[in-house]
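Listed below, chain by chain, are the residues.
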Amino acid sequence: MFIENKNSRVQQVFFSEIGEKNISLFIKREDELHPFISGNKYRKLKYNLAEASRQKKQTLLTFGGAYSNHIAATAAAGFEFGFKTIGVIRGDELGKNIPKTIKENPTLRFASQHKMNFEFVTRSDYRTKTSETFISKLKEKFGDFYLVPEGGTNKLAVKGCEEILVEEDKKYDVICSAIGTGGTISGIINSTQPTQQVIGFPALKGDFLNTEIKKYVKNNNWQLHTAYSFGGYAKVSKELITFINKFKTETNIPLDPVYTGKMMFGIVDLVKKDFFKSGTKILAIHTGGLQGIDGMNLHLKKKKLPQII
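Residues numbered from 1 in each chain as written. Predicted model: local features only at pLDDT ≥ 70, side-chain atom pairs only at ≥ 80, totals over all residues. Heavy atoms only, no water.

Some details on the packing of helix α1 (residues 40-54) against helix α2 (residues 69-81)
To keep things clear, this is the line we draw: To obtain an axis, a line is fitted to C-alpha atoms, over the contacting stretch when the element is a helix, and the angle between two such axes runs from 0 to 180 degrees between their N-to-C directions. A helix here means a DSSP run of H or I that spans at least four residues, while a strand means a run of E at least two residues long, and both kinds are numbered starting from the N terminus. Working definition: roughly parallel below 35 degrees, roughly antiparallel above 145 degrees, roughly perpendicular at 65 to 115 degrees, and oblique for all remaining angles. Helix crossings fall into two classes, left-handed where the near helix is turned counterclockwise from the far one by less than a right angle and right-handed where it is turned clockwise. The contact criterion used throughout is that any non-hydrogen atoms of two residues lie within 4.5 Å. Residues are grouped as follows: Ala, Val, Leu, Ile, Met, Phe, Trp, Tyr, Cys and Pro are nonpolar; Asp, Glu, Lys and Arg are charged; all remaining types, including Gly, are polar.
Running from amino to carboxyl end, α1 crosses α2 at an angle of 50 degrees, the nearest separation of the two axes being 10 Å. The pairing of α1 with α2 is recorded here as oblique in orientation. Considering how the two elements wind past one another, α1 and α2 form a crossing that is right-handed. On the side of α1, the interface is formed by Lys 41, Leu 45 and Leu 49, while α2 contributes Asn 69, His 70, Ala 73, Thr 74, Ala 77 and Phe 81. Here the residues of the contact of α1 with α2 sort into five nonpolar, three polar and one charged.

Some points on the environment of His 286
For the record, the criterion: Residue exposure (1.4 Å probe, protein chains only): buried if accessible area is under 20% of the type maximum, exposed if over 50%, otherwise partly exposed. Whenever a nitrogen or oxygen atom comes within 3.5 Å of another N or O atom, the pair is scored as a polar contact, on the condition that within protein one atom can donate a hydrogen and the other can accept it, and that pairs from neighbouring residues in sequence are kept only if both atoms are in side chains.
Residue position: His 286 is located in strand β10 (residues 281-286). Among the residues examined, His 286 registers a relative accessible area of 1% and is labelled buried. Apart from the residues lying within four places of it in its own chain, the contact partners of His 286 are Ile 27, Lys 28, Arg 29, Glu 30, Asp 31, Ile 253, Pro 254, Leu 255 and Thr 260. In this structure the side chain of His 286 is engaged in a polar contact, spanning 3.1 Å, whose partner is the backbone nitrogen of Gly 288.

Describing the packing of helix α10 (residues 238-251) against helix α11 (residues 260-272)
At a minimum axis separation of 10 Å, α10 and α11 run at an interaxial angle of 85 degrees. Taken together, the axis directions place α10 and α11 in an arrangement best described as roughly perpendicular. Here α10 contributes Glu 239, Leu 240, Phe 243, Ile 244 and Phe 247 to the contact with α11, which in turn contributes Gly 261, Lys 262, Met 264, Phe 265 and Val 268. Taken together, the residues of the contact of α10 with α11 break down into seven nonpolar, one polar and two charged.

Observations concerning the packing of aromatic side chains
Think of a pair of aromatic rings as described by two things: how far the centres are apart, and how the planes are tilted against each other in angle. Counted only if it meets this: Two aromatic rings, drawn from Phe, Tyr or Trp (for Trp, its six-membered ring), form a pair once their centres lie within 6.5 Å of each other, and the interplanar angle then sorts them: stacked below 30 degrees, edge-to-face above 60, tilted otherwise. Note on criteria: charge over ring means Lys NZ or Arg CZ within 6 Å of the ring centre, with the direction from the centre no more than 35 degrees off the ring normal.
Here the structure, examined in full by the defined rule, presents 14 aromatic pairs. Taking the centre distance of 5.6 Å and the plane angle of 85 degrees together, the rings of Phe 15 and Phe 243 count as edge-to-face. Placement of Phe 15 in the loop between β1 (10-13) and β2 (24-29) and of Phe 243 in helix α10 is noted, with a sequence separation of 228 residues between them. Across the pair, Phe 243 and Phe 15 agree in class, each one buried. Both rings, one in Phe 118 and one in Phe 120, keep their centres 5.8 Å apart while their planes meet at 45 degrees; by these two values the pair is tilted. One aromatic cluster is present, built from ring pairs that chain together Phe 15, Phe 201, Tyr 228, Phe 230, Phe 243, Phe 247 and Phe 265. Above the ring of Tyr 126, the side-chain terminus of Arg 90 is found at 5.3 Å from the ring centroid. Sitting over the ring of Tyr 47, Lys 159 keeps its end group 4.3 Å from the ring centre.

Overview of the pairing of strand β4 (residues 84-90)
Short version of the rule: For two strands to be treated as a pair, DSSP must find no fewer than two bridges joining them. A crossover gets the label right-handed when its path from the first strand over the helix to the second runs clockwise, viewed with the strands pointing away from the viewer.
Here β4 lies mainly inside the structure; five of its seven residues are buried. Note that strand β3 (residues 59-64) and β4 share six bridges and pair parallel. The partner of Leu 61 across the bridge, within β4, is Ile 86. In this region the chain leaves β3, passes through α2 and returns to the parallel neighbour β4; the handedness of that crossover is right-handed. The pairing of β4 with strand β5 (residues 116-121) spans six bridges and is parallel. Bridge pairing links Ile 89 to Phe 120 in β5.

Some details on the pattern of salt bridges
Should the charged atoms of two oppositely charged side chains come close, the side chains can pair. The test is simple: In the sections that follow, a salt bridge refers to a side-chain nitrogen of Lys or Arg positioned within 4 Å of a carboxyl oxygen of Asp or Glu.
Across all of its chains, the model carries 19 salt bridges by this definition. Here Glu 104 makes a salt bridge to Lys 100, at a shortest N to O gap of 3.1 Å. Taken together, the positions of Glu 104 and Lys 100, both in helix α3 (residues 98-104) and four residues apart, correspond to about one turn of that helix. When the shortest N-O distance is used, the salt bridge between Glu 212 and Lys 215 registers 2.9 Å. Looking at Lys 215, the relative accessible area reads 55%, which means it is exposed. Taken together, the shared-partner salt bridges connect Arg 9, Arg 29, Asp 31 and Glu 32 into one network.

Details of the sheet that holds strand β6 (residues 146-148)
Across a sheet, strands are paired by hydrogen bonds formed along the backbone, either parallel or antiparallel in direction. Taken in spatial order, the four strands make up an open sheet running β5-β4-β3-β6, and their pairing is parallel. Edge positions in the sheet fall to β5 and β6, since each has one partner strand and no second. Between one strand axis and the next, the sheet turns by 25 degrees as a mean value, whatever way the strands run. As defined by bridge partners, β3 adjoins β6 across three bridges and the pair is classed as parallel. Bridged to Leu 61 within β6 is Leu 147. Sheet strands in contact with α1 are β3 and β6, and its direction is about 165 degrees off that of β6. Docked against the sheet, helix α4 (residues 106-113) engages β4 and β5, running at close to 135 degrees with respect to β5.

Structure representation (structure tokens):
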């Protein structure tokens, strides 16, 4: 086994915006599992790395955007455990001056420092990334590899995410998670008790995640709240940034603007609206993704918006 099983600590949250409510809020600090293979990526890669080794693969190939948490984590995992890594990156314009792109992009710079090689593709080609034709072309160019899907979600990833919750977590009434591709929350749903409710906060717009999650789960004690995507993946607002900064100032817990910040904003808003009954114990899963803050701050600076502290 490459990545050892770990149980992350749980931290109670005291936040002024919900202080008058009779709700107990806790955060499971999955972001602290590893300095670089952060949060849910640690869980998703665990069994995939073991399978790659079983198949005697020497190279991991995966997909992502230029600021992808998954790209950064896969590069770090490959570097640490002796795999070559290839990142197929959305946006061929980024490949026109690769040294400049790497210098200016903190995620790709980190991945490059951890020996990941990049293949920059057009957005239209990227949309065909799961096709046999596209994969065959990659094999012709790079040789044999172990393919990890975009975002890391597959059955092995879900298996890893089933280990997020442990025996002590049965005492919570509600489990909350941010959602990207659906793998993390699927694992969480599978490991909950029938009496527990799971709430997901998608970072993307659309209802397709319901279908994706249903591919992997055996329980039906879950629901998605889609009102807190702030317009879609990687889109933020001054209101969200202000909330993230206030939350960190009061609790000393950093949140990323794409996933956990939106989740926590949603939880707090639902608490303020009395969505949860009095006395509810909520456990929010901190899925990591903090490496994306540097890239987001570059974007915010260009737009003359507040920075994430």
